[in-house]
Structure formats: structure tokens, C-alpha cells
Amino acid sequence: MNLGDRVAIITGCGGGLGRAMAVRMAGLGADIVINDIPQAEEAANEVAELVAQLGRKGFVALGSVTSADDVGAMVEQVMNEFGRIDILVNNAGITRDTLMIRMSEDDWDIVLDINLKGAFLCTKAIARPMMKARSGRIVNIASVSGVMGNVGQANYSASKGGLIALTKTTAKELAPRGITCNAVAPGFIETKMTEELDEEVRQEWLRSIPLGRAGTPEDVADVVAFLASDAAGYVTGQVLNIDGGLIM
Ligand code: NAP
């Protein structure tokens, strides 16, 4: 796999998976646009430093994926800085878990806004430059919850199921311009997001994974890098589970 001189935008890049993907892709030769919210500036700068240590440019672009203005400004900055966008990874995502009967409208709205609308706004914003270039790779970070549903995650599973449907529509609309769009559906991966789970839920997840371990951010980063590379040029509209065999 080679991502030599590609420019990759990764949203929510200060988090666990974002950081691993930035390092993996920079290691394969890509410059990385590190997007996250302003409150995560310190984490974003750390990722930029890791990318620089690999000899690539780490360009921090702070802003919320839920704001069309922020996303537009980010794309403009990236085009001014690099003149191209080859890869978009829609990774920004949050959880607000609770049983549906207790779930507030705010819990629903914020998760749908960040996880699904955010991906729509970013995809829409990069579509033009990618269409002009007649090439591009979009990878959406969904979740096994979006494939099989999950107790306590009505908002999250709906957002990720929606993201999978968005992936397929994006793939169909942009295929004539040589752009691919795929999703990955990670299972239980060790990051800040899963640290918040209580021990009982954690053990229940682990018992249901045939490979017998939680995934690492690097497990996800490897598959995302593949989908972003030339090696996956004939793969589009697919959902790849990265879950140790949880869903078969
Ligand atoms: P994480 O460490 O919490 O990273 C998510 C990042 O997104 C954080 O840096 C977060 O910033 C940022 N973010 C939040 N709101 C944003 C916004 N409006 N605009 C831009 N960035 C925003 O979580 P992660 O585990 O790396 O998750 C990354 C992706 O993988 C998510 O889409 C998640 O749903 C998905 N996923 C994770 C797992 C898992 O087991 N970890 C499994 C399946 C899917 P703050 O931290 O400052 O809020």
C-alpha cells in the first residue's frame, strides 16, 4: 500500500482511532489534515507532531463537522495549503448511551448531528474538488451497532446505520467520477469511547468476540489505509466489519 503525496482529511482526528489512522497513513506517505473541535486543540497538535515525526505535513484544521461554515472554511484552507484533497475519512463521532425510554431529544439530536450530518456536510464539501480531479477515496467510520443495533444506543446505532446508507448513495453518485466510498464497522475497540463502558458491559462484549480480544486502533487504521489506497480501487459501496468476528 502506498499513499505517497496524497492529502487526507481525517475528522475527529484528535481521538483514539483518528490518531492511529493519521500515523498509519502518514507512514504510507500521506499528508494529514487533522480536524477536531477547538476544545481538542491540544490533542490535534499532538497528532500533528506525530505526523511530522514521520516526515509528512500534519495540518491542524479546527472546527465542528456539524457546521457547514466550519467545514467550508476547512476545505478552503486545505485547498489553499495543498491544492488537492485525495482522501476523506469521516471519523468524528460521539456516543450518548441510554435506554430509549430515557433518551432525551437532545441526546438524539447531538449524536445524529455529529455522526451523520457531519459526514454529509464533509462529503458534500469535498465532492467538488474530488469530482474535478476525477479521483478520490472516502471512508466512513460506522460501527457494528449500525449493522446489528445495540441496547442503549438508539441514537448511535441509527446514526451509524444512516452512515452506512449514506456510504452506498455516495458510492453510487460519485463512482462515475472515479471516486470510491466505503465504510468500516468497528466492533469493540480500545479507546476513550469504550473506556467509559462499565465492567459488566465490557466483559459481555469480550465474551461475544470469536477472536477473544478487543480490537486496537491500529487494527482499524490498517483497514482504513487499505480502503484509502490504490489497492482498493475496485471496491466501493462496501461495509467492512473490523470486529474480531463478532458479526458473521
Ligand atoms: P474518540 O476518541 O472520542 O474520538 C472522536 C473524536 O471526534 C474526538 O476527538 C472528538 O473530540 C471528536 N469530535 C467530537 N465532536 C466533533 C465535532 N463536532 N467535529 C469534529 N470532531 C468532533 O472516539 P474513537 O473511539 O476514536 O471513535 C472514532 C470513530 O470510531 C467514531 O465515529 C466512533 O463512533 C467510531 N467507532 C469507535 C468504536 C470504538 O470501539 N472505539 C467502535 C465503532 C466505531 P472530543 O473528544 O473533544 O469530543
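Scroll up for the structure.
Residues numbered from 1 in each chain as written. Predicted model: local features only at pLDDT ≥ 70, side-chain atom pairs only at ≥ 80, totals over all residues. Heavy atoms only, no water.

So, helix α3 (residues 68-82)
For clarity, the cut-off: Counting from the N terminus, the helices are the DSSP runs of H or I reaching at least four residues and the strands are the DSSP runs of E reaching at least two. Working rule for helices: expected span equals 1.5 Å times residues minus one. Under the scheme applied here, a residue whose accessible area is under 20% of the maximum for its type counts as buried, over 50% as exposed, and between as partly exposed, the area being computed with a 1.4 Å probe on protein chains only. To obtain the arc, one takes the directions from the helix axis to the C-beta atoms. Residue contacts follow a heavy-atom distance rule, with two residues in contact if any of their heavy atoms lie within 4.5 Å.
Between its first and last C-alpha, α3 extends 21 Å over 15 residues, near the 21 Å set by a 1.5 Å rise per residue. Along α3, the residues classified as buried are Val-71, Met-74, Val-75, Val-78 and Phe-82. Considered in projection along α3, the buried side chains sweep an arc of 95° and stay on one side of the axis. Facing away from the buried side of α3 by over 90 degrees, the exposed positions are Asp-69, Glu-76 and Asn-80. At its buried positions, α3 is contacted by β1 (7-10), β2 (31-36), β3 (58-62) and α4 (105-133). Directly beyond the C-terminal end of α3, a positive phi value near 75° is found at Gly-83.

Details of the packing of aromatic side chains
Definition in use: Two rings belonging to Phe, Tyr or Trp (six-membered ring only in the last case) form a pair when the distance between their centres is within 6.5 Å. Interplanar angles under 30 degrees mark stacking, angles over 60 mark edge-to-face geometry, and anything in between is tilted.
One pass over the full model with this rule turns up 2 aromatic pairs. Between Phe-59 and Phe-82, the ring centres sit 5.8 Å apart and the planes meet at 80°, which makes this aromatic pair edge-to-face. With Phe-59 in strand β3 and Phe-82 in helix α3, this residue pair connects regions lying 23 residues apart in the sequence. Comparing Phe-59 with Phe-82 shows no difference in burial state: the two are buried. Between the aromatic rings of Phe-188 and Trp-205, the centroid separation amounts to 5.8 Å while the plane-to-plane angle is 40°, which identifies the pairing as tilted. Here Phe-188, found in the loop between β6 (179-186) and α7 (192-195), pairs with Trp-205, found in helix α8 (residues 199-207); they are 17 residues apart in sequence, far enough to count as distant. The same class applies to Phe-188 and to Trp-205, which are both buried.

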